[in-house]
Amino acid sequence: MATTKRYDVKDLALASEGIRRIQWADRQMPVLAAIRERFESEQPLSGYRISACLHVTTETANLARTLKAGGADVVLCASNPLSTQDDVAAALVDEYDIAVFAIKGEDNDTYYSHIEAAVDHKPQLTMDDGADVVHMLHSARREQLGDIIAGTEETTTG
Amino acid sequence: MELTVGAAATNTGWSPRMLRYLEDAGLVLPARRPSGYRVYGVREVNQLRSLRELRAAFGVELTDLAFAARLRQEPGLRDAVHTWLSGRESALEWEQRKHERLLAA
């Protein structure tokens, strides 16, 4: 499935391997799968724009799928340029129609341009791992703060 | 302008042998006449003239330039080198530096 959304990933041709690995991870994530099923019928996030800046891996791919299933318009960028799985990023764009801005090994300028792309999405909800999106909103994009309803921050390294 | 190897060498100050080396390395590629003779046009002559300057300004050797040319021509090699250079720092090390920046802010 081709997407019309903006995205920046390494190579869409990697998508098939990404789909296989996302689906494998999904089978180990039964709670998230149950939530996704419930979200599909209840649509609790319908009409909400979410910008998520997380490790772009099979696990967060399933989280992004779940948010989308709940009706959200999700954009995902990387919270760490070295943990991005390029096949997963390709699969999210190509198969799951989720806008992703992440390329493994991207340089600093590209990394921050991808966070900017996520903020350009004009989110109402943010998800961070290391505060990149909320930092940008509170510095360069203060005019967007009025749109924000809530944000989450997680940390993976303590 | 269409120069033979000898004429191009005289014109640019490189030896004919050097011109063949540059061709083998994929750096300066003359056209070929149907007879097989090499023909150096304006573009190639300009490349040959500016090559000395490029080496002097940046301290690069011809082998470095040849590798740079390979990086442009071979996407697989380019990606592999890029990944290798990025791989000098692990994702975890990057994560730890990010959190140190956050704590310092």
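Shown above is the structure to which this text applies.
Computed from a predicted structure; not experimentally measured.

Peer 1: Hey, could you go over the side chain of Arg141(A) for me, with residue numbers and the actual values?
Peer 2: All names here are of chain A. Here arginine 141 is to be found in the loop between α6 (132-138) and β5 (150-153). Judged by its relative accessible area of 12%, arginine 141 falls in the buried class. Within polar-contact distance, the side chain of arginine 141 engages the side chain of aspartate 120 at 2.6 Å. Polar contacts involving the side chain of arginine 141 include one to the side chain of glutamine 144, which spans 2.7 Å. Residues contacting arginine 141, with those up to four places away along its chain left out, are Glu116, Val119, Asp120 and Met136.

Peer 1: Just give me the short version of helix α3 (residues 42-58) of chain B, but keep the residues and values in it.
Peer 2: Residues and elements named next belong to chain B. Taking 1.5 Å per residue, 17 residues should reach 24 Å; α3 reaches 24 Å between its end C-alpha atoms and fits that length. Considering bend angle alone, the principal kink of α3 is centred on serine 50 and spans about 35 degrees. The complete set of buried residues in α3 reads Glu44, Val45, Leu48 and Leu51. Phi for glycine 59, located one or two positions after α3, is positive at around 65 degrees.

Peer 1: If you had to explain the interface of chain A and chain B to someone new, which residues and values would you point to?
Peer 2: The interface of chain A with chain B comprises 18 residues on the first partner and 13 residues on the second. For the pair chain A and chain B, the two sides together bury roughly 1,200 Å², of which 56% comes from carbon and sulfur. Between the two partners, chain A and chain B, sit one salt bridge. Here Lys98(B) makes a salt bridge to Asp132(A), at a shortest N to O gap of 2.6 Å. Along the contact surface separating chain A from chain B lie eight residue pairs in polar contact (both at pLDDT 80 or more). Grouping the amino acids of the side of chain A that touches chain B by side-chain chemistry returns five nonpolar, ten polar and three charged.

Peer 1: If you had to explain the pattern of salt bridges to someone new, which residues and values would you point to?
Peer 2: Residue and element names in this part refer to chain B. By the definition in use, this model includes 14 salt bridges over all chains. Where arginine 33 meets glutamate 2, a salt bridge forms, and the shortest distance between an N and an O atom there is 3.3 Å. Of this pair, arginine 33 sits in the loop between β1 (31-32) and β2 (38-39) while glutamate 2 sits in the segment before α1 (5-12), and the two are 31 residues apart along the sequence. On the accessibility criterion, arginine 33 (36% relative accessible area) is partly exposed. In this structure, the salt-bridge partner of glutamate 61 is arginine 55, at a minimum N-O distance of 3.1 Å. For glutamate 61, a relative accessible area of 42% gives the class partly exposed.

Peer 1: Explain the nonpolar core to me, using residue names and the numbers behind them.
Peer 2: Residue and element names in this part refer to chain A. Core analysis: the biggest nonpolar cluster contains 28 residues, and Ile50, Val56, Leu67, Leu76, Leu92, Ile98 and Val100 have the highest contact counts within it. Where this core is concerned, the elements lending two or more residues are α1 (15-27), β1 (49-54), α3 (58-69), β2 (73-78), α4 (86-94) and β4 (125-128). The element that contributes the greatest number of residues to this core is α4, accounting for six residues. Excluding residues within four positions of it along the chain, valine 100 makes contact with Tyr7, Asp8, Val9, Val56, Leu76, Ala89, Leu92 and Val93.

Peer 1: How would you explain the packing of aromatic side chains if you had to name every residue and give the values?
Peer 2: Note on aromatic pairs: each is described by the distance of the centres and the angle between the planes. Across all of its chains, the model carries two aromatic pairs over all chains by this definition. Here Tyr111(A) and Tyr112(A) contribute two aromatic rings whose centre-to-centre distance is 5.0 Å and whose plane-to-plane angle is 85 degrees, an arrangement assigned as edge-to-face. Under the relative-accessibility criterion, Tyr111(A) is labelled buried at 1%. When the centroid spacing of 5.1 Å and the interplanar angle of 65 degrees are considered together, the rings of Tyr111(A) and Trp94(B) count as edge-to-face. Taken together, the positions of Tyr111(A) in helix α5 (residues 108-120) and Trp94(B) in helix α6 (residues 91-104) put the pair across two chains. Take Trp94(B): its relative accessible area is 6%, and that puts it in the buried class. Taken together, the aromatic side chains of Tyr111(A), Tyr112(A) and Trp94(B) make up a single cluster linked through ring pairs. It is Arg52(B) that lies over the ring of Trp14(B); its NZ or CZ is 4.3 Å from the centre. Over the aromatic face of Trp94(B) sits the side chain of Arg101(B), whose NZ or CZ is 5.7 Å from the ring centroid.

Criteria and thresholds
- Residues numbered from 1 in each chain as written.
- Chains lettered and ligands numbered in written order.
- Predicted model: local features only at pLDDT ≥ 70, side-chain atom pairs only at ≥ 80, totals over all residues.
- Heavy atoms only, no water.
- Helix = DSSP H or I, 4+ residues; strand = E, 2+ residues; numbered from the N terminus.
- Buried < 20%, exposed > 50% of the residue type's maximum accessible area, 1.4 Å probe, protein only.
- Polar contact = N/O pair within 3.5 Å; in protein donor to acceptor, adjacent residues only side chain to side chain.
- Contact = heavy atoms within 4.5 Å.
- Expected span 1.5 Å × (residues − 1).
- Bend = angle between axes of the 7 residues up to and from the residue.
- Buried area = accessible area lost by both parts, 1.4 Å probe.
- Salt bridge = Lys/Arg side-chain N within 4 Å of Asp/Glu carboxyl O.
- Nonpolar A, V, L, I, M, F, W, Y, C, P; charged D, E, K, R; others polar.
- Core = buried A, V, L, I, M, F, W, Y, C linked by side-chain atoms within 4.5 Å.
- Phe/Tyr/Trp six-rings, centres within 6.5 Å; stacked < 30°, edge-to-face > 60°.
- Lys NZ or Arg CZ within 6 Å of the ring centre and 35° of its normal.

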